[in-house]
Amino acid sequence: MADDLLAPADNNSDDVFALRGEEELRSALEETVHLVGAYVCDTERRAEVRTGLELIVHAGEGFIPLWDRNVILRWRFQERSLARFRNPERVKNAVRTLLHAAIGAWGDAAPIRFSEQTVGGWDFEIAVRDGDHCSPAGCTLASAFFPDQGQHELVVYPMMFTLDAHEQLETLAHEIGHIFGLRHFFALELERGLSAEAWGQHEKISIMNYGDDSQLTPTDREDLKRLYDLAWSGQLTDINRTPIRLMRPFSSLRP
């Protein structure tokens, strides 16, 4: 299945991510972007990039946020982020197929469900950037968010789609791990700016690690499933004295 993730939706073009010219882009933006004077109103949001395990769980606010039982995260595409592409629907199909595969890779360990929402309340938007984001430390492939009651972005960059199908799948499965509440495998040593706690087994080969060590393993799934089962049952209320707080998403808190 992974090899078919980016199969073209039609035969009109070999490049799913072909960009529009400037005139086409201006026309598309008139319909999808709210302008304030000559500027686009676009609030910057902080997000962890390519975000792993003993499990390492996020505890940046003095508590460990995990999703409550029976949570559905509702998402939609950020239409203005697709305006640059000649065929936004093909881009959507490619990203949607990859997202479904990445969620499915977690199997029954996934503690929440995801639902595409074209109208009404939403919890996150998928934004597809039209250029790469690189620094001396490397290039960002994707970024996500941790459990909370806000609205967020799941961002993907073109460079991710230059990887082979299996690497694309694991990159997005890594980001889904963040959405479940997981930090990087090395967070306690190298990412001390945000608090984290260790839980479960500590194995170097983990989807929440980097490079060749970033692989989704049975231990990843088992530790995640056990973490949520114990938290939901009330048997686990803290980790290393950091309390666990169960979160409901934005869409469930609004009429």
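Provided above is the structure to which this section pertains.
Definitions and cut-offs
In this numbering scheme, every chain counts its residues from 1 along its sequence in written order. In keeping with the model being predicted, local features are shown solely for residues with a pLDDT of at least 70 and side-chain atom pairs are shown and tallied solely at 80 or more, while totals for entire chains, interfaces and linings include all residues. For the side-chain quantities, the full set of heavy atoms in the structure was used; hydrogens and water were omitted. Stacked, tilted and edge-to-face are the three classes applied to pairs of Phe, Tyr and Trp rings, where Trp contributes its six-membered ring and a pair requires centres within 6.5 Å; stacked means planes under 30 degrees apart, edge-to-face means over 60, and tilted covers the rest. Relative accessibility under 20% of the residue-type maximum defines a buried residue, over 50% an exposed one, and the middle range a partly exposed one, all with a 1.4 Å probe and only protein chains included. Helix and strand assignments follow DSSP, with helices taken as H or I runs no shorter than four residues and strands as E runs no shorter than two, numbered in order from the N terminus. Lysine and arginine charges are scored as sitting over a ring when NZ or CZ, respectively, is within 6 Å of the ring centre and within 35 degrees of the ring normal. The nonpolar core is taken to be a set of buried Ala, Val, Leu, Ile, Met, Phe, Trp, Tyr and Cys residues, with the residues joined through side-chain atoms within 4.5 Å. Contacts were defined at the residue level, with two residues in contact if any of their heavy atoms lie within 4.5 Å. DSSP calls a pair of strands paired once it identifies at least 2 bridges connecting them. In this description, a disulfide is simply a cysteine sulfur pair whose atoms lie within 2.5 Å. For helices, the fitted line uses only the C-alpha atoms of the stretch in contact; every axis is such a line through C-alpha atoms, and the angle between N-to-C directions lies from 0 to 180 degrees. By this rule, a helix spans an expected 1.5 Å times one less than how many residues it contains. Basic side-chain nitrogens of Lys or Arg form a salt bridge, by our definition, when they fall within 4 Å of a carboxyl oxygen of Asp or Glu.

### Remarks on the packing of aromatic side chains
Right, so step 1: In total, this model carries 6 aromatic pairs according to the counting rule given.
Right, so step 2: Both rings, one in Trp-75 and one in Phe-77, keep their centres 5.2 Å apart while their planes meet at 80°; by these two values the pair is edge-to-face.
Right, so step 3: Accessibility expressed as a relative area gives 5% for Phe-77, which makes it buried.
Right, so step 4: Their ring planes at 80° and their centres at 6.2 Å tell us that Phe-114 and Phe-124 sit as a pair that is edge-to-face. Taken together, the residues Phe-114 in strand 6 (residues 113-116) and Phe-124 in strand 7 (residues 124-128) connect sequence positions 10 residues apart. The exposure classification of Phe-114 matches that of Phe-124, with both residues buried.
Right, so step 5: An aromatic cluster of at least three residues, connected via ring pairs, comprises Trp-75, Phe-77, Phe-114, Phe-124 and Phe-145.
Right, so step 6: Above the ring of Phe-63, the side-chain terminus of Arg-245 is found at 3.9 Å from the ring centroid.

### Comments concerning the nonpolar core
Right, so step 1: If you look at the biggest cluster of nonpolar residues, it comprises 55 residues, and the most contacted ones within it are Leu-73, Trp-106, Phe-114, Ile-126, Val-128, Ile-176 and Ile-179.
Right, so step 2: When contributions to this core are tallied by element, the ones reaching two or more residues are strand 4 (64-67), strand 5 (72-77), helix 2 (88-105), strand 7, strand 11 (152-156), helix 3 (165-179), helix 5 (218-233) and strand 14 (242-247).
Right, so step 3: When residues in this core are grouped by element, the largest group, 8 residues, is from helix 2.
Right, so step 4: Beyond its immediate chain neighbours, meaning those up to four positions away, Phe-114 contacts Leu-73, Trp-75, Ile-103, Phe-124, Ile-176, Ile-179 and Phe-180.

### Here's the deal with the sheet that holds strand 14
Right, so step 1: An order of 4-14-13 is seen for the 3 strands of this open sheet, with the pairing classed as mixed. Two strands bound the open sheet, and with one partner strand each, they are strand 4 and strand 13 (238-239).
Right, so step 2: Sheet analysis places strand 13 next to strand 14, joined by 2 bridges and oriented antiparallel. Each residue of the ladder has a partner; that of Ile-239, found in strand 14, is Thr-242.

### Concerning the state of the cysteines
Right, so step 1: Inspection of every chain in the model, using the stated rule, returns 1 disulfide.
Right, so step 2: The disulfide partner of Cys-134 is Cys-139, and the S-S distance across this bridge is 1.9 Å. Taking the torsion about the sulfur-sulfur bond, which here is approximately 105°, the covalent link between Cys-134 and Cys-139 counts as right-handed.
Right, so step 3: With a relative accessible area of 43%, Cys-134 lands in the partly exposed category.
Right, so step 4: For Cys-139, a relative accessible area of 33% gives the class partly exposed.

### Structural notes on the sheet that holds strand 5
Right, so step 1: Pairing is mixed across the open sheet formed by 5 strands, whose spatial order is 6-5-7-11-10. The two strands at the open ends of the sheet, each matched to only one other strand, are strand 6 and strand 10 (142-143).
Right, so step 2: Pairing between strand 5 and strand 6: 4 bridges, direction parallel. The partner of Ile-72 across the bridge, within strand 6, is Arg-113.
Right, so step 3: Set on the sheet, helix 2 makes contact with strand 5, strand 6, strand 7 and strand 11; between it and strand 5 the angle comes to about 160°.

### A short note on helix 2
Right, so step 1: With 18 residues, helix 2 ought to run about 26 Å at 1.5 Å a step, and its terminal C-alpha atoms sit 26 Å apart, in line with that.
Right, so step 2: For helix 2, the set of buried residues is Pro-88, Arg-90, Val-91, Lys-92, Ala-94, Val-95, Arg-96, Leu-98, Leu-99, Ala-101, Ala-102 and Ile-103.
Right, so step 3: Where helix 2 is buried, its residues touch strand 5, strand 6, strand 7, strand 11 and helix 3.
Right, so step 4: Gly-107 occupies a position one or two residues after helix 2 and carries a positive phi of about 60°.

### Some details on the pairing of strand 14
Right, so step 1: Direction of pairing for strand 4 relative to strand 14: parallel, over a ladder of 4 bridges. Note on strand 14: the bridge partner recorded for Trp-67 is Met-247.
Right, so step 2: Linking strand 13 back to strand 14 in an antiparallel pair, the connection comprises 2 residues, with Asn-240 at a positive phi of about 50°.

### Looking at the pattern of salt bridges
Right, so step 1: Evaluation of the coordinates by the stated rule reveals 7 salt bridges.
Right, so step 2: A salt bridge links Glu-79 to Lys-92; the shortest N-O distance between them is 2.7 Å. Within this pair, whereas Glu-79 is found in the loop between strand 5 and helix 2, its partner Lys-92 is found in helix 2, the two being separated by 13 residues in sequence.
Right, so step 3: A relative accessible area of 39% means that Glu-79 is categorised as partly exposed.
Right, so step 4: Here Asp-229 ties to Lys-225 by a salt bridge, and the two come within 3.8 Å at their closest N and O atoms. Pair noted here: Asp-229 and Lys-225 are both in helix 5, with a separation of 4 residues, about one helical turn.
Right, so step 5: What emerges from the salt-bridge pattern is a single network uniting Glu-79, Glu-89 and Lys-92.

Spatial relationships are all this shows, so hold off on functional conclusions.
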